[in-house]
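Next come the chains, spelled out residue by residue.
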Amino acid sequence: FRQLARRKVPVRLLYSAGDVGLEEFGHFFGAEGQRLRSFQRMSHAVIAGADHNFTPAHARQAYLTALTDAAALLEPRDGDLSR
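Residues numbered from 1 in each chain as written. Predicted model: local features only at pLDDT ≥ 70, side-chain atom pairs only at ≥ 80, totals over all residues. Heavy atoms only, no water.

S.K.: Any details on the packing of aromatic side chains? Residues and values, ideally.
M.R.: Between two aromatic rings, the relevant description is the distance of the centres plus the angle of the planes. In total, this model carries five aromatic pairs according to the counting rule given. Ring centres 5.3 Å apart and planes at 45° place the aromatic pair Phe25 and Phe29 in the tilted group. Pair noted here: Phe25 and Phe29 are both in helix H2 (residues 21–29), with a separation of four residues, about one helical turn. Among the aromatic residues, those joined into a cluster by ring pairs are Phe1, Tyr15, Phe25, Phe29 and Phe39. (Phe/Tyr/Trp six-rings, centres within 6.5 Å; stacked < 30°, edge-to-face > 60°. Helix = DSSP H or I, 4+ residues; strand = E, 2+ residues; numbered from the N terminus.)

Structure follows, in C-alpha cells:
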C-alpha cells in the first residue's frame, strides 16, 4: 500500500456485506478503515446486498462507478497520446 501511495495509484477496496475479507481488512486497517485514511487516494466501501462476485445489477454498477472514479484520478504520463 505504501508503494501504491508513493506512485499515486488510486485504490478503492470494495466488499460485499459479510465478506470474509472484511476480517482481514479490519486486521490491517481497523474495523472502520481508520488506518487506511492515512493513504491518499485509497478508500473502501461495503456494498449492501452484494455477493462476493458483485453479481446483482446494483453491485455491478457500484463496482463500475468505483472503477471509473478511480480512473479519473489517474495522472497522464509523459507521452500519453490521449491528451
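After presenting the structure, the write-up continues.
S.K.: Describe the side chain of Asp19, with residues and values.
M.R.: Inspection of the secondary structure assignment puts Asp19 in the loop between strand S1 (11–16) and H2. One buried charged residue, Asp19, remains without a salt bridge, the closest side chain of opposite sign being Arg12 at 14 Å. At 2.7 Å, the side chain of Asp19 and the backbone nitrogen of Gly21 are in polar contact. (Buried < 20%, exposed > 50% of the residue type's maximum accessible area, 1.4 Å probe, protein only. Lys, Arg positive; Asp, Glu negative; His and termini not counted. Salt bridge = Lys/Arg side-chain N within 4 Å of Asp/Glu carboxyl O. Polar contact = N/O pair within 3.5 Å; in protein donor to acceptor, adjacent residues only side chain to side chain.)

S.K.: Pulling in residues and values, what's your account of the pairing of S1?
M.R.: Burial analysis of S1 places five of its six residues in the buried class, the great majority of the element. Judged from the six bridges that link them, S1 and strand S2 (residues 42–47) form a sheet pairing that is parallel. For Val11, the partnering residue across the bridge sits in S2 and is Met42. (Pairing = 2+ DSSP bridges.)

S.K.: Please give an account of the nonpolar core that cites residues and values.
M.R.: Within the largest apolar cluster, eight residues are counted, these being Val11, Leu13, Tyr15, Phe25, Phe29, Leu36, Phe39 and Met42. Of all the secondary structure elements, the ones that give two or more residues to this core are S1 and H2. For this core, the element with the highest residue contribution is S1, accounting for three residues. Those residues within four positions of Met42 in sequence are excluded, and the remaining contacts are Phe1, Leu4, Ala5, Val9, Val11 and Leu36. Grouped together as the second largest cluster of nonpolar side chains are seven residues, Leu14, Ala45, Ala50 and Ala59 included. (Core = buried A, V, L, I, M, F, W, Y, C linked by side-chain atoms within 4.5 Å. Contact = heavy atoms within 4.5 Å.)

S.K.: Go over helix H3 (residues 57–72), please, and point to the residues and values.
M.R.: Counted at 1.5 Å a residue, the expected span for H3 with its 16 residues is 22 Å, and the 22 Å between its end C-alpha atoms agrees. Elements that come into contact with the buried residues of H3 comprise S1 and S2. (Expected span 1.5 Å × (residues − 1).)

S.K.: An account of the confidence of the model for the protein chain is needed here, citing residue identities and associated values.
M.R.: Should pLDDT be low for a region, the predicted coordinates there are not to be read in detail. Scored by pLDDT, the protein chain comes out at a mean of 86, with 92% of its residues at no less than 70. Mean pLDDT across the elements of the protein chain ranges from a minimum in H3, with 89, to a maximum in H2, with 94. (pLDDT = per-residue confidence, 0-100.)

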